[in-house]
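What the coordinates show
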Amino acid sequence: NPELYHVDTRQRIAIRKNMVAGERVTVSTVYGERGVIVTAPDGTASNGFRHLTIDSDLSMTLQPGSNLLRIDADINREGLGVRLEAPQGVKSGV
């Protein structure tokens, strides 16, 4: 059950799914491309929208400058990793 929390804006994206080792969840907050994809360890991808909590906010964006984000999980926090990617055209350092 991973969660990403934007401390500054108090927005969160939370997934209610017991994950297995090697499984990946990809969340897009890009306007017009918002959604969730769950990729199994064997590479099989499926729509993961049903795993979003009702209070998840896919309008979450990063603000110019520093952003304080918190990641969490119910169990195995040590095994949780997050990678943030900006859409093409977004300038670094903004």
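The written sequence of each chain sets the order in which its residues are numbered from 1. Local features in this predicted model are restricted to residues whose pLDDT is 70 or higher, and side-chain atom pairs enter the listing and the counts only when it is 80 or higher, whereas totals over whole chains, interfaces and linings include all residues. Water and hydrogen atoms were dropped before computing side-chain values, which therefore reflect all heavy atoms in the structure.

**Quick word on the environment of R12**
Secondary-structure assignment places R12 in strand β2 (residues 11-14). C-alpha of R12 to C-alpha of P41: the two residues are 29 residues apart in sequence and 25 Å apart in space. Not counting residues up to four positions away in its chain, the partners in contact with R12 are E3, L4, Y5, T53, D55, S56, D57 and M60. A distance of 2.4 Å separates the side chain of R12 from the side chain of D55, its partner in a polar contact. Only runs of H or I of at least four residues qualify as helices and only runs of E of at least two qualify as strands under DSSP, and these elements are numbered from the N terminus. In what follows, a contact means two residues having at least one pair of non-hydrogen atoms within 4.5 Å. The term polar contact refers here to a pair of N or O atoms within 3.5 Å; inside protein, the definition further demands a hydrogen-donor-capable atom paired with an acceptor-capable atom, and it admits residues adjacent in sequence only when both atoms are side-chain atoms.

**Examining the sheet that holds strand β4 (residues 35-39)**
Two strands are counted as paired when DSSP detects at least two bridges linking them. In spatial order, the strands read β3-β4-β5; together these three strands make up an open sheet with antiparallel pairing. Two strands bound the open sheet, and with one partner strand each, they are β3 (24-28) and β5 (45-47). On average, each strand axis in the sheet is inclined to that of its neighbour by 25°, with strand direction left out of account. In the sheet, β3 pairs with β4 via five bridges, with the strands oriented antiparallel. Pairing of T26 across the sheet is with I37, part of β4. All axes here are fitted lines through C-alpha atoms, helices being fitted over the stretch that makes contact, and every angle between N-to-C directions spans 0 to 180 degrees.

**Some words on the pattern of salt bridges**
Take a side-chain nitrogen of Lys or Arg and a carboxyl oxygen of Asp or Glu: if they are within 4 Å of each other, that pair is a salt bridge. Per the counting criterion, the structure on display carries four salt bridges. A salt bridge links E23 to K17; the nearest nitrogen and oxygen atoms lie 2.9 Å apart. Per residue, the accessibility class of E23 equals that of K17, and both read buried. Here the salt bridges do not stand alone but share partners, grouping E3, R12, D55 and R70 into one network. Partly exposed residues are those whose accessible area sits between 20% and 50% of the maximum for their type, while under 20% is buried and over 50% is exposed, using a 1.4 Å probe and protein chains only.

**Some details on a nonpolar patch on the surface**
On the surface, L62, I71, V82 and L84 cluster together to form a nonpolar patch covering roughly 350 Å² of accessible area. Following the sequence through the fold, L84 ends up in the segment after β6 (69-72). For patch building, the residue pool is restricted to those with more than 30% relative accessible area and no salt bridge; the joining distance is 9 Å between like charges and 5 Å between nonpolar side chains (Val, Leu, Ile, Met, Phe, Trp, Tyr). Areas reported as accessible are Shrake-Rupley estimates using a 1.4 Å probe. Residue values count occlusion only from the protein chains shown.

**Thoughts on unusual backbone geometry**
We note that R10 has phi near 60°; this positive angle belongs to a residue other than glycine. Counting through the fold element by element, R10 comes out in the loop between β1 (3-6) and β2.

**Here's the deal with the sheet that holds β6**
Pairing within the open sheet is antiparallel, and its three strands lie in the order β2-β1-β6. Looking along the sheet, the strands with just one partner apiece sit at the ends: β2 and β6. Recorded for the sheet is a direction-independent mean angle of 15° between the axes of neighbouring strands.

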